[in-house]
Amino acid sequence: SMGILSVLSYGASFVGSVAFMEFAIYAYQSGKPFDRPASYYRSRSLYYNLVLAVAGVSQLSLGYYLLMFYYGVGPLPKPIITGHYVVFFPEIS
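Draft legend 1. View of the packing of aromatic side chains. Throughout the structure, instances matching the rule amount to one aromatic pair. Pairing Tyr47 with Tyr48 gives two aromatic rings, centres 5.1 Å apart and planes at 65 degrees, and the pair type is edge-to-face. According to the relative accessible area criterion, Tyr48 is buried, its value standing at 9%.

Draft legend 2. Main features of the confidence of the model for the protein chain. Averaged over every residue, the pLDDT of the protein chain is 76; the share at 70 or more is 72%. Ranking the elements of the protein chain by mean pLDDT puts strand E2 (residues 85-87) last, at 62, and helix H2 (residues 38-70) first, at 81.

Draft legend 3. Region of the structure containing the environment of Phe20. Structurally, the position occupied by Phe20 is in helix H1 (residues 2-29). Separated by 24 residues in sequence, Phe20 and Arg44 have C-alpha atoms that sit 8.2 Å apart. Excluding residues within four positions of it along the chain, Phe20 makes contact with Tyr40, Tyr41, Arg44 and Tyr48.

Cut-offs applied
- Residues numbered from 1 in each chain as written.
- Predicted model: local features only at pLDDT ≥ 70, side-chain atom pairs only at ≥ 80, totals over all residues.
- Heavy atoms only, no water.
- Phe/Tyr/Trp six-rings, centres within 6.5 Å; stacked < 30°, edge-to-face > 60°.
- Buried < 20%, exposed > 50% of the residue type's maximum accessible area, 1.4 Å probe, protein only.
- pLDDT = per-residue confidence, 0-100.
- Helix = DSSP H or I, 4+ residues; strand = E, 2+ residues; numbered from the N terminus.
- Contact = heavy atoms within 4.5 Å.

As structure tokens, then:
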């Protein structure tokens, strides 16, 4: 579930932020740069930052879970690949 949550978080923030910038440029080019107040831009920025924070926390917790509770100690035979993550064994053998 952490992998799915992170894929959704990254997807929503990347697609949403690109669309957000495109609409801001369109408003400027159409001659209505003051169509939306500054609070609109602040709230959108806060939203995308929080969504990316959720993705980062899910990445951190998935890595912690996989390394500490599932694989334990010792070298891994191959990397773990889940969604956007590739987890290698962090110790130096």
